[in-house]
Amino acid sequence: MKRRTVIRGLFLAVLVVAAGTLVLSWGSAPSDAVSEAKNQVSSPFSDREQVVAERDNATVITTDPPGGNTGTAAIVAFAADGRTLYHNDTYGNYFDVDPDPPGSRTVLYVAGSRYDQCPESLETHANETFEDGCAEVAIERTNLTTGETEQIHTAVTHWDIWHDVDRVDDSRLLIAGIAEDRVFVLNTTTDSIEWEWRAESDLDPDSGGQEGDWTHLNDVELLDVGRVMVSLRNQDRVVFLSEDGELQRNWTLGAEDAYGILYEQHNPDYIPESRGGPAIVVGDSENNRVAEYQRVDGQWRQSWTWQDEQIRWPRDADRLPGGHTLVSDSQGNRVLELDENDEIVWEVDVPTPYEAERLGTGPESETGQSKAALANGTGQQTDAGSDTERKTGVGWVVAFVTGPLVNGLLYVAPTWMTFWDLVAALVLGGTALAWFLVEAYWSRTRLRSLVGR
């Protein structure tokens, strides 16, 4: 009996410590900047208080929380002095945002909402019936100062919202069609598709993810040489297309399951030769880091990487002028700016940010330089051109647990929870279950003893 009392005491102690850890973490969680912005946006700008630290220009952030419920996701902007400039939460998810035109306080973004049961109005709009739900897509252009919004284009897809839209000219948009595994140019004047590349034309159908989420094509960029760069998340690679839509295989960065190079990446930005490239700055999401790869002698070589103890599932990294880098740390629930020495010089608490843009620096990494160029070519580089870093066996399991499994759990967990809070929650649940099973075993043993007597 004394042994059972000791065991019960140990169970109770573990439960108290784990529960106490969660309560303290919840109680000490900082108020996020998006909620603060929402509370102030209805007031005149002159009456709004500072929410974030000052920077040299306005910062625009989009968020993509789990569930995609209207009112939880938002596009938000903070002025250079840290006051709320803009906030909108009409849709359930917000993804790509770019200044439009560069240098202005007007932005072009793509957003939308998902529905388990597609509303009749959307099915009528699409002239199609969606039996297993649908997604509403909206491309909009908003003046952050006046709040005036122009709806550029709307669409309905079977399951997901386009993640990236880049302007080609006044009437044409380059779109990453995630739901259809394609890249296309849409003429918004005629509502017609003028150019298209489908992943199925060049990729192994057995590669990538499952049916319905095969490539998770989440980013597209029109390069100044007329080519197109595409992020294929589920294939762990970034590919390049020629002007006529031919896949340039010798330019591919990464390979499926070569997790040491890229692991389900988001939002790669291209840096041209004129600014120290060719180079790519990318959110290497499931590796919980941001990275840069430099093109050297026809091969991609890792020229820079950054991570700290908090970073989890980053989905955007923009190289700013002067060697600074703006990072959207999705599961770290923050947007941060690194200086040229990779020190954090600005940080904002934001639940599940997807992308951040610093106005006045052009879209994405347009005005930034590669780290190799900033280091005058002396930066350390490692080869990333082979498939030798593919994970197999135990290595694949470790990569899955430290990447998609943990990040997936954090994605659906409350935003105040960190990795260690997740560990505490698992310990709490596991201990409670173990105690229940032990007590059940003891009760069964006692019952047998009584029956035997």
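A short tour of the structure in this document, coming up.

Across all of its chains, the model carries 12 aromatic pairs by this definition. Consider the rings of Phe 419 and Trp 420, whose centres lie 5.0 Å apart with planes at 75 degrees: the pair is edge-to-face. A relative accessible area of 27% places Phe 419 in the partly exposed class. Three or more aromatic residues joined by ring pairs form one cluster here, namely Phe 240, Trp 251, Tyr 270 and Trp 300. Sitting over the face of the ring of Trp 346, Arg 358 holds its NZ or CZ atom 5.1 Å from the ring centroid.

Under the counting rule described, the total for this entry stands at 24 salt bridges. Put simply, Asp 81 and Arg 83 hold a salt bridge, and the shortest N to O gap is 2.9 Å. Residues Asp 329 and Arg 334 are paired through a salt bridge, measuring 2.7 Å at the closest nitrogen-oxygen approach. Arg 334 matches Asp 329 in its accessibility class, with the two residues each being buried. Within this structure, Arg 55, Asp 56, Glu 337 and Arg 358 form a network of salt bridges that share partners.

Neither face of strand β2 (residues 75-78) is left uncovered, since the one carrying Ile 75 and Ala 77 and the one carrying Val 76 and Phe 78 both have all their residues buried. Judged from the four bridges that link them, strand β1 (residues 59-63) and β2 form a sheet pairing that is antiparallel. Bridge pairing in β2 places Val 60 opposite Ala 77. Connecting the antiparallel pair β2 and strand β3 (residues 84-88) is a turn made up of five residues, with Gly 82 showing a positive phi of about 90 degrees.

Moving on: unusual backbone geometry. For residues besides glycine, phi is generally negative; the peptide bonds are generally trans as well. Along the chain, Asp 100 connects to Pro 101 via a cis peptide bond; the corresponding omega equals 5 degrees. Relative to the helices and strands, Pro 101 resides in the loop between β4 (93-99) and β5 (106-115). Omega for the peptide link from Gly 277 to Pro 278 comes to 0 degrees, which places this bond in the cis form. As for its position among the elements, Pro 278 is in the loop between β16 (266-271) and β17 (279-284). You will see that Asp 236, though not glycine, has its phi angle at about 55 degrees, which is positive. Secondary-structure assignment places Asp 236 in the loop between β13 (228-232) and β14 (237-241).

The subject of this paragraph is the side chain of Asp 166. Its place among the elements puts Asp 166 in strand β8 (residues 164-167). Of the side chains with opposite charge, Arg 167 lies nearest to the buried Asp 166, which makes no salt bridge, at 9.5 Å. When near neighbours in sequence (up to four residues on either side) are disregarded, Asp 166 contacts Asp 96, Asp 98, Leu 173, Leu 174, Val 220, Glu 221, Leu 222 and Glu 364.

Here is what the cut-offs are and how they apply
- Residues numbered from 1 in each chain as written.
- Predicted model: local features only at pLDDT ≥ 70, side-chain atom pairs only at ≥ 80, totals over all residues.
- Heavy atoms only, no water.
- Phe/Tyr/Trp six-rings, centres within 6.5 Å; stacked < 30°, edge-to-face > 60°.
- Buried < 20%, exposed > 50% of the residue type's maximum accessible area, 1.4 Å probe, protein only.
- Lys NZ or Arg CZ within 6 Å of the ring centre and 35° of its normal.
- Salt bridge = Lys/Arg side-chain N within 4 Å of Asp/Glu carboxyl O.
- Helix = DSSP H or I, 4+ residues; strand = E, 2+ residues; numbered from the N terminus.
- Pairing = 2+ DSSP bridges.
- Lys, Arg positive; Asp, Glu negative; His and termini not counted.
- Contact = heavy atoms within 4.5 Å.

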